[in-house]
Amino acid sequence: MADERQTKKMNESSLYKVGDEVVFTLNEIQKEGVVFIFDANGTFERPRIPSYDILVENENMLYKHVPYDMVSKK
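Small disclaimer: the values here were computed from a predicted structure and weren't measured. (Residues numbered from 1 in each chain as written. Predicted model: local features only at pLDDT ≥ 70, side-chain atom pairs only at ≥ 80, totals over all residues. Heavy atoms only, no water.)

> I'm lost on unusual backbone geometry in this one. Help?
Leave glycine aside and you will find that most residues have negative phi; peptide bonds, for their part, are mostly trans. Despite not being glycine, Asn-60 shows a phi value in the positive range, around 50 degrees. If you trace the backbone, Asn-60 turns up in the loop between β3 (51-56) and β4 (61-67). Residue classification places Asn-60 among the exposed residues on the basis of a relative accessible area of 70%. A positive phi angle, near 60 degrees, is found at His-65, a position not held by glycine. Residue position: His-65 is located in strand β4. The class of His-65 is partly exposed, set by a relative accessible area of 45%. (Helix = DSSP H or I, 4+ residues; strand = E, 2+ residues; numbered from the N terminus. Buried < 20%, exposed > 50% of the residue type's maximum accessible area, 1.4 Å probe, protein only.)

> Just checking my understanding: could you explain the pairing of β4 for this structure?
The two faces of the sheet receive side chains in turn, since in a regular strand these alternate between them. Bridge count between β3 and β4: five bridges; the pairing is antiparallel. Across the sheet, residue Ile-54 finds its bridge partner in β4, namely Tyr-63. What sits between β3 and β4 in their antiparallel hairpin is a turn of four residues, with Asn-60 showing a positive phi close to 50 degrees. (Pairing = 2+ DSSP bridges.)

> Would you mind going over the confidence of the model for the chain with me for this structure?
Segments scoring low in pLDDT should not have their predicted coordinates read at a detailed level. Taken over all residues, the pLDDT of the chain has a mean of 86, while the share at 70 or more is 82%. Segment residues 1-5: pLDDT under 50, and three contacts once partners within four positions in sequence are set aside and those in other chains are kept. (pLDDT = per-residue confidence, 0-100. Contact = heavy atoms within 4.5 Å.)

Take a look at the structure:
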């Protein structure tokens with residue numbers, strides 16, 4: 001039910017695009033990166049919530065399947 005409400009709140013202008021600079025928090029550590037891949041269909045656990053693969057260059061790391069609600073604009 002919560003996923004359906006979140007989906008209704010989202011619109012195209014609120015979604016991030018490949019190349020956008022974003023921030024997200026993982027294990028209480030804020031990460032800054034660039035959207036590398038956008039998955040509009042979500043993940044197995046949250047199929048209707050978009051997710052992103054985010055490249056954090058200073059760690060040389062690609063964080064996969066970061067949910068929409070964990071990401072904000074830098």
